[in-house]
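# Topology and contacts: notes
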Amino acid sequence: MRTRPHLAAIGTRFSPAPEADFADTLLAGLRAEPKRIACKYFYDAEGSRLFEKICALPEYYPTRIELALLNAHASEMAALMGPNAEIVEFGAGAAEKIRPLLRAANEPHAYVPIDISGPYLHAIAERLRCDFPALTIRPIVADFTRELAIPASAARRVGFFPGSTIGNFEPEEARTFLATAARLLRGGGLLIGVDLVKDPAVLHAAYNDAAGITAAFNKNLLARANREADANFDLSAFSHYAFYNPQAQRIEMYLMSRWAQRILICGRAIGFAEGEAIHTENSHKYTVDGFRALASSAGFTPRAVWCDADRLFSIHWLEAG
Ligand code: AVJ
C-alpha cells in the first residue's frame, strides 16, 4: 500500500514481500503451482458492485442475517462500544452495516472506514456524509491484509469487522491479524461477524447462486486482468467452481479452464491444461466456541455473542484489555 506520511508507526506488516502491482502479482500467481490469485483482487470498483449484488441474493444468507442481528441489537452493541469511540472498520465495502451502529452510538468520535478500492470508498464516504452530517468520517484506502496503519488518535478505539471477511484468512493468519488488532484496539474492543459451520447444502447454495452472480464475481478477476494487466482471457473458457470442504471447514472457490489454452498477460504466455484451475478464494467457517478460542489465543477476551435462531451467523464482541 501507499503509506501516507501522516500515518503513525502502528503499521504492522503481515507479509514481508513488498507490494507489487496487480499485473506482477497476477503473473506470479499464475506461474505458481497450483495457480492462484489472492481474493482481495476481486474488489475493484466492478467487483465491489458485484459483491453488493451477491449480498442481495436469496441464497447468500450472511449479509441479511448479520444486518438483522445488527438492527436488533444495535443499542446493546453501541453501549459496549462506549461513548466517543473512534470506530475503525476493516474492509468497509458499501458501509451499510455500520449504519445501525452509528444511529445507536453515543456521539462517536469518528468513523474510519478502511477499504482497498479507493474510488469506491470515497463515493461511499460521500454518501455516508450526507446521512450523518455531524459525524467525522476519515476514509483510509489501504490493504488491511498487509498492513494495519491508522492515524494516531486520543480517542478510545473500537474495531468493526463484519461480513465474515476474517474467513478469508487461514486460521493461523486470522490469529495473527486478531493479535495485531488486539494491540491496536487496546482499551476498546472488536465487533466481528463470523460465518458458522452448518449444513453444507446451505453453504453450497450460497456460493453457487442460480442467477450466476457469484460466477460473474469470480470471473471478474479475469475481466479485471483484461482491463488492467493487458491480458486476453476469454471468460467463457473458464468455469466458476465452488464447494464446501468439510475437513478444512471452508468454501473453496476456483476458476477452471474448460480446455487447454494459452493466454497472454503483458505479452507473457501462461499455459492452462484442460481442467486446470486457479484457486481464487477460501472462506473459512467457524463454530461459536472455536472462534472464541481463536480470539482468546490472540489476546482478546471474548464477551457477548449474538446468533440468529438457526445459528447460521454470529457476531462477537471481543474486549481488548
Ligand atoms: C466477503 C469474504 C465474506 O466469503 O462469503 C461471497 C466473499 N465470495 N461469495 C464470503 C464471497 C463469494 C465473502 N466474504
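Look a little higher up for the structure.
These remarks concern the structure in this document. (Residues numbered from 1 in each chain as written. Predicted model: local features only at pLDDT ≥ 70, side-chain atom pairs only at ≥ 80, totals over all residues. Heavy atoms only, no water.)

### A word on the nonpolar core
- Counting residues in each nonpolar core, the largest one holds 66 residues, and the members touching the most others are I98, Y111, L191, F233 and I265.
- In this structure, V112, A182, F300 and A320 belong to the second largest nonpolar core, which totals 30 residues. (Core = buried A, V, L, I, M, F, W, Y, C linked by side-chain atoms within 4.5 Å. Buried < 20%, exposed > 50% of the residue type's maximum accessible area, 1.4 Å probe, protein only.)

### Points about the sheet that holds strand β5 (residues 157–161)
- Read across the open sheet, the seven strands follow the order β4-β3-β2-β5-β6-β13-β12; overall the sheet is mixed. The two strands at the open ends of the sheet, each matched to only one other strand, are β4 (140–141) and β12 (301–307).
- Direction of pairing for β12 relative to strand β13 (residues 313–319): antiparallel, over a ladder of five bridges. Note that in β13 the partner of T301 across the bridge is E319. (Pairing = 2+ DSSP bridges. Helix = DSSP H or I, 4+ residues; strand = E, 2+ residues; numbered from the N terminus.)

### Side note on empty space enclosed by the protein
- Applying the stated criterion across every chain, the model contains one cavity of 30 Å³ or more.
- Size it by volume and the largest cavity reaches roughly 40 Å³.
- Lining the largest cavity, in full, are A78, M81, G82, P83, N84, A85, I87, A105, N106 and P108.
- In the lining of the largest cavity, the residues fall into seven nonpolar, three polar and no charged. (1 Å grid on protein atoms, 1.4 Å probe; cavity = no way out; pocket = protein on both sides within 12 Å on 5 of 7 lines; lining within 4 Å. Points joined across faces, edges and corners; volume = space filled by probe spheres on them. Nonpolar A, V, L, I, M, F, W, Y, C, P; charged D, E, K, R; others polar.)

### Considerations on the sheet that holds strand β11 (residues 277–284)
- The sheet built from four strands is open, its strands ordered β1-β11-β8-β7 with mixed pairing. Single-partner strands in this sheet number two, and they are β1 (35–36) and β7 (238–245).

### Here's the deal with the site of the ligand
- Every one of the 14 residues lining the ligand counts as a neighbour, but Y60, G163, Y207, E281 and S283 are closest to it.
- Its free accessible area being 350 Å², the ligand has 96% of it covered by the protein chains.
- Classifying every residue of the shell around the ligand gives seven nonpolar, six polar and one charged. (Near = heavy atom within 4 Å. Areas by Shrake-Rupley, 256 points an atom, 1.4 Å probe, with all protein chains shown as cover.)

### Section: the pattern of salt bridges
- Enumeration over the complete set of coordinates arrives at 18 salt bridges.
- A salt bridge links E46 to R49; the shortest N-O distance between them is 3.8 Å. One end of the pair is E46 and the other is R49, both in helix α2 (residues 45–55) and three residues apart, which spans about a single turn.
- On the accessibility criterion, E46 (33% relative accessible area) is partly exposed.
- Linking R224 and E228 is a salt bridge whose minimum nitrogen-to-oxygen distance equals 3.1 Å. (Salt bridge = Lys/Arg side-chain N within 4 Å of Asp/Glu carboxyl O.)

### Quick look at the packing of aromatic side chains
- One pass over the structure, following the stated rule, counts 21 aromatic pairs.
- Seen from their ring centres, F42 and F217 are 4.4 Å apart, and the 35 degrees between their planes marks the pair as tilted. On the criterion of sequence distance, the pair formed by F42 in the loop between β1 and α2 and F217 in helix α8 (residues 213–228) is long-range, its members being 175 residues apart.
- When the ring of F144 is compared with that of F161, the centres are 5.5 Å apart and the planes differ by 85 degrees; the resulting orientation is edge-to-face. Here the residue F144 occupies a position in the loop between β4 and β5, and F161 occupies one in strand β5, the gap between them amounting to 17 residues. Accessibility classification places F144 together with F161 in one group, the buried group.
- Pairwise contacts between aromatic rings join F42, Y43, F51, Y60, Y207 and F217 into one cluster.
- Just above the ring of F272 sits the side chain of K35; from NZ or CZ to the centre is 5.0 Å.
- The aromatic ring of F22 is capped on one face by R224, whose charged end is 4.6 Å from the ring centroid. (Phe/Tyr/Trp six-rings, centres within 6.5 Å; stacked < 30°, edge-to-face > 60°. Lys NZ or Arg CZ within 6 Å of the ring centre and 35° of its normal.)

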